[in-house]
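This is what each chain is made of:
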Amino acid sequence: MKHILLAGASGRLGREILAAGQPKSFTVHPLSRTEMSRIGETVAKLTKSSQDRFIVVDVTLPEGTETIVTSLLSGPHPSSLLAFIVGSTGHSDGQIEKLRETGSKIPVILSSNFSRGVYLFEELLNARTSTGASVSELARTLGFDLSLWESHHTLKKDAPSGTARTIANAAGVQPERIASTRVGAVVGEHTLFMSQESEELRITHTAHARRLFAEGALDLCARIFERPLGAGKFSMSEALRLLLKN
Ligand SMILES: NC(=O)c1ccc[n+]([C@@H]2O[C@H](COP(=O)([O-])OP(=O)(O)OC[C@H]3O[C@@H](n4cnc5c(N)ncnc54)[C@H](OP(=O)(O)O)[C@@H]3O)[C@@H](O)[C@H]2O)c1
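Heads up: these notes are all about the structure in this document. Since the model is a prediction, treat every value here as computed from it, not as a measurement.

1. So, the sheet that holds strand β8 (residues 188-196)
Part 1 of the argument: On the basis of which strands lie adjacent, the open sheet formed by four strands has the order β7-β6-β8-β9 and mixed pairing. The sheet is open, and its two edges are formed by β7 (178-182) and β9 (199-207), each paired on a single side. Averaged over neighbouring strand pairs, the angle between their axes works out to 15° when direction is ignored.
Part 2 of the argument: Inspection of the sheet shows strand β6 (residues 145-152) paired to β7 by five bridges, in the parallel sense. Bridge pairing in β7 places Trp 149 opposite Ala 179.
Part 3 of the argument: Strands in contact with helix α8 (residues 162-171) are β6, β7 and β8; relative to β6, the strand with the most contacts, it is inclined by about 165°.

2. A word on the pattern of salt bridges
Part 1 of the argument: A complete count under the given rule lists eleven salt bridges for this structure.
Part 2 of the argument: Measuring nitrogen to oxygen at the nearest pair gives 2.7 Å for the salt bridge that ties Arg 241 to Glu 123. Pair noted here: Arg 241 is in helix α10 (residues 236-244) and Glu 123 is in helix α6 (residues 116-126), with a separation of 118 residues, a long-range link.
Part 3 of the argument: Judged by relative accessible area, which is 33%, Arg 241 ranks as partly exposed.
Part 4 of the argument: Where salt bridges share partners, they join Arg 116, Asp 219 and Arg 223 into one cluster.

Cut-offs and rules
Residues numbered from 1 in each chain as written. Predicted model: local features only at pLDDT ≥ 70, side-chain atom pairs only at ≥ 80, totals over all residues. Heavy atoms only, no water. Pairing = 2+ DSSP bridges. Helix = DSSP H or I, 4+ residues; strand = E, 2+ residues; numbered from the N terminus. Axes fitted to C-alpha atoms, helices over the stretch in contact; angles between N-to-C directions. Contact = heavy atoms within 4.5 Å. Salt bridge = Lys/Arg side-chain N within 4 Å of Asp/Glu carboxyl O. Buried < 20%, exposed > 50% of the residue type's maximum accessible area, 1.4 Å probe, protein only.

Function cannot be inferred from these measures alone, as they are strictly geometric.
Okay, here's the thing in structure tokens:
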């Protein structure tokens, strides 16, 4: 059996993951706070056969991540635990360092955006054109000016979004060339503008529903169950690159 141990199941994203997980070929177990602090024991309790495999998915807040990290670092973990996927955001430098440390024991995937479309966006920007340059390098050579715009709902506290920073970094756009709008219930939109006086090329990613994050998280889990990663700390795109490689 394949099992996902879900920390933060009562939250907005956690509920989406529980709902999206129903028809899949694995079971999603919501973790209580006590279970989060005893991952080894929780895995042992749920293990019924030597075929059982587990992935911990964390969509809590940084304090929740810390509880799980402390538990994973405090003793040997069962080999049936294949990965720790961290979808929560806003970790301090110290917490990121602890996650790196945890990565020396089991694969840790730190993903501030589970969207597969955003992963494709990044891949597009990292790819080489036939000239050998990336799209953004080529655009600059051809005289285009590059900037980024992102829009999210009014409850989103950080601006620019973490995803905008990642895309800007991949396109060589300086952080001050990112514009942010907070309006209504927008799930998320990111547009890279390549513009010059007489023409403009735009690449846009639009998130239609929060469900996409849940589906992206479960897709990542399914790939890890099929093809477990080695120890280390990975971003979502680094993990997907390894998992999708022929
Ligand atoms: N990676 C992505 O694609 C993506 C997408 C959207 C959001 N996020 C991130 O995912 C996280 C959750 O977002 P959300 O909108 O679902 O938030 P939310 O609705 O506020 O849910 C937070 C969840 O974390 C739990 N929690 C809070 N503090 C905790 C602690 N100290 N120990 C253990 N559990 C704790 C809450 O449990 P209680 O109900 O018991 O308080 C709840 O289940 C945020 O960090 C957000 O930025 C990531």
